[in-house]
Amino acid sequence: MDSQKNYKNFWNEKAATPDSAFIAVDGSTNEETARLTGHYSARQVVAALELKPTDRVLELGCGVGRIGREIAPLVAHWHGTDISANMIEVARERLRNHANVGFTELTRSSLQPLADASFDKAYCVAVFIHMDKEDFFLYLEEIARVLKPGGLIYFDVWNMASPVGWRRCALEINQHRIADHSRRKDVARNQFSSPEEVRIFLDHAGFDLTLLLAESPWVQAIGVRRGGHVDVEALRRQAAEQTARIAYSPLWTELFDGILDVVIGRISPELMWQSLGDDSRGEEVPMFREWFLGMWKGNETAWGPAPR
Ligand SMILES: C[S@@+](CC[C@H](N)C(=O)[O-])C[C@H]1O[C@@H](n2cnc3c(N)ncnc32)[C@H](O)[C@@H]1O
């Protein structure tokens, strides 16, 4: 099938309708959930990039504008890029009331036609996990090109070096144990990284690393584009001070681990649902409740009727 060979076809098919586009970006089944999860991710981005009202900000793989919707009001210009025209169409509609936004549909692992040194900051969330390593690196080089010297990048990738990240990775590997090896693997399947890989890629793409977080199932990295007159050590100190606002929390990791338990049949969906009943534990609880409910509704044949 074409969609398994080509990023554009794959993501355009995933985003064939606005509803399916929301599900494809992060499992959100409606606008309300996308706002909830978008707020969580945007807080991480704001803290990682220390966003200012004067910043011109680029997002690679903006999807439906889940994060961009929250970031645009805070900065001078927000620019969403994506391989999928269908995703961009949904994002454009969601951000139609903002005059300071722009969009570029990408055709390959390049940010042409965006100009060199035209952005102060760039971010990319849950996108590099869906592409081959060559494309991950090519995009990092392109982000270095469009950032001003001294500009900041923030991104995340799956972290196979964390215990829960490895469980997620193993789930993926297990799907291939009995796969038909005469067929190529789906081009946008989940790919897994390590903190060391991220260090190497950032360095070779022209960035100095200022923060690397790897306690959760995600590696989260901040880098500064080389060549600017910036004090890298001061940036490292500032980034470290923001760690609590940037990192996926231990509760996030615990709840994600619980979902993996349900997926592999170790605990029942009912038990997981019960564990999502106490909002006082943290903002992650309502977010995971909505995600899990969406998963359950898509899995009723195996899990039985969803609770609502
Ligand atoms: C899982 S979604 C995440 C969307 C958004 N970053 C968010 O967190 O809500 C992945 C997004 O990356 C885009 N994407 C996937 N592969 C891409 C590629 N090779 N180049 C550019 N965008 C890509 C998809 O179209 C999709 O919108």
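Structural data are supplied above this passage.
Residues numbered from 1 in each chain as written. Predicted model: local features only at pLDDT ≥ 70, side-chain atom pairs only at ≥ 80, totals over all residues. Heavy atoms only, no water.

A. Molecular detail of helix 2 (residues 18-26). Along helix 2, the residues classified as buried are Ala21, Phe22 and Asp26. Buried residues along helix 2 cover an arc of 100° about the axis, so they all sit on one side. Contacts from the buried residues of helix 2 go to helix 1 (7-14), helix 3 (31-49), helix 5 (85-94) and helix 13 (284-297). In the stretch just after helix 2, Gly27 is the one whose phi turns positive, near 85°. (Buried < 20%, exposed > 50% of the residue type's maximum accessible area, 1.4 Å probe, protein only. Helix = DSSP H or I, 4+ residues; strand = E, 2+ residues; numbered from the N terminus. Arc of directions from axis to C-beta. Contact = heavy atoms within 4.5 Å.)

B. Expanded view of the site of the ligand. Among the 21 residues in the neighbourhood of the ligand, the closest are listed as Gly61, Arg66, Asp82, Val125 and Tyr139. Here a nitrogen atom of the ligand and a backbone polar atom of Gly61 are 2.7 Å apart. Residue Ile83 places a main-chain N or O atom 3.3 Å away from a nitrogen atom belonging to the ligand. In the complex, the protein chains occlude 99% of the 590 Å² of accessible area that the ligand would expose alone. Of all the elements in the fold, those that place two or more residues in the shell around the ligand are helix 1 and helix 2. (Near = heavy atom within 4 Å. Polar contact = N/O pair within 3.5 Å; in protein donor to acceptor, adjacent residues only side chain to side chain. Areas by Shrake-Rupley, 256 points an atom, 1.4 Å probe, with all protein chains shown as cover.)

C. Main features of the pairing of strand 2 (residues 77-82). The buried fraction of strand 2 amounts to six of the six residues, a majority that puts the element mostly inside the structure. Side chains His77, His79 and Thr81 project from strand 2 onto one buried face, and the interleaved Trp78, Gly80 and Asp82 project onto a second face that is buried too. As judged from the five bridges shared by strand 1 (residues 56-60) and strand 2, these two strands associate in the parallel manner. Of the residues in strand 2, the one forming a bridge with Glu59 is Gly80. (Pairing = 2+ DSSP bridges.)

D. How the structure looks around the environment of Ala126. Along the chain, Ala126 turns up in the loop between strand 4 (119-124) and helix 6 (133-146). Residues Ala126 and Asp231, spaced 105 residues apart in sequence, show a C-alpha to C-alpha distance of 29 Å. Excluding residues within four positions of it along the chain, Ala126 makes contact with Asp156 and Trp218.

E. Representation of the packing of helix 6 against helix 8 (residues 195-205) within the structure. Closest axis-to-axis distance for the helix 6/helix 8 pair is 9 Å, and the angle between their directions is 45°. Considering the angle they form, helix 6 stands oblique to helix 8. As helix 6 runs across helix 8, the sense of the crossing is right-handed. Across the interface between the two elements, Lys133, Phe136, Phe137, Leu140, Glu141 and Ala144 from helix 6 touch Glu197, Phe201, Leu202, His204 and Ala205 from helix 8. Class assignment of the residues belonging to the contact of helix 6 with helix 8 gives a composition of seven nonpolar, one polar and three charged. (Axes fitted to C-alpha atoms, helices over the stretch in contact; angles between N-to-C directions. Parallel < 35°, antiparallel > 145°, perpendicular 65-115°, else oblique. Left-handed = near helix turned anticlockwise from the far one by under 90°. Nonpolar A, V, L, I, M, F, W, Y, C, P; charged D, E, K, R; others polar.)

F. How the structure looks around the layout of surface pockets. In this structure, the second largest pocket occupies an estimated 240 Å³ of space. His176, Ala179, Arg183, Arg184 and Lys185 are the residues nearest the centre of the second largest pocket, which is lined by 12 residues in total. Tallied by class, residues from the lining of the second largest pocket come to one nonpolar, four polar and seven charged. (1 Å grid on protein atoms, 1.4 Å probe; cavity = no way out; pocket = protein on both sides within 12 Å on 5 of 7 lines; lining within 4 Å. Points joined across faces, edges and corners; volume = space filled by probe spheres on them.)

G. Highlighting the pairing of strand 8 (residues 218-225). In terms of burial, strand 8 is largely enclosed, as seven of its eight residues are buried. Bridge count for strand 5 (residues 147-159) against strand 8 is seven bridges, and the pairing is antiparallel. Note that in strand 8 the partner of Tyr154 across the bridge is Ile222. With six bridges connecting them, strand 7 (residues 207-213) and strand 8 associate as antiparallel partners. Across the sheet, residue Leu213 finds its bridge partner in strand 8, namely Gln220.

H. Fine view of the nonpolar core. By size, the foremost hydrophobic cluster in this structure holds 70 residues, and its most contacted members are Leu111, Phe128, Ile143, Phe155, Trp252 and Phe288. In terms of domain composition, this core takes at least three residues from each of domain 1 (2-247) and domain 2 (254-303). What Phe155 contacts, discounting residues up to four positions off in sequence, is Cys124, Phe128, Phe136, Leu140, Val198, Leu202, Val219, Gln220 and Ala221. If you look at the next biggest cluster of nonpolar residues, it comprises 31 residues, including Val75, Val101, Tyr123 and Ile222. (Core = buried A, V, L, I, M, F, W, Y, C linked by side-chain atoms within 4.5 Å. Domains from an automatic or database assignment.)

I. Expanded view of a nonpolar patch on the surface. Judged by side-chain polarity, Met160, Trp166 and Ile173 come together as a nonpolar surface patch covering roughly 270 Å² of accessible area. Locating Met160 in the fold gives a position in the loop between strand 5 and helix 7 (163-175). (Patch = residues over 30% accessible without salt bridge, like charges linked within 9 Å, V, L, I, M, F, W, Y side chains within 5 Å. Salt bridge = Lys/Arg side-chain N within 4 Å of Asp/Glu carboxyl O.)

J. Local environment of the packing of aromatic side chains. On inspection of all chains with the given rule, the structure shows 22 aromatic pairs. Consider the rings of Trp296 and Trp303, whose centres lie 6.4 Å apart with planes at 75°: the pair is edge-to-face. You can call Trp296 buried: its relative accessible area is 2%. On the basis of relative accessible area, Trp303 is assigned to the buried category, the value being 15%. (Phe/Tyr/Trp six-rings, centres within 6.5 Å; stacked < 30°, edge-to-face > 60°.)

K. Structural view of unusual backbone geometry. Going from Gln112 to Pro113, the amide bond is cis rather than trans, its omega being 10°. With respect to the helices and strands, the residue Pro113 is situated in the loop between strand 3 (101-105) and strand 4.

Function cannot be inferred from these measures alone, as they are strictly geometric.
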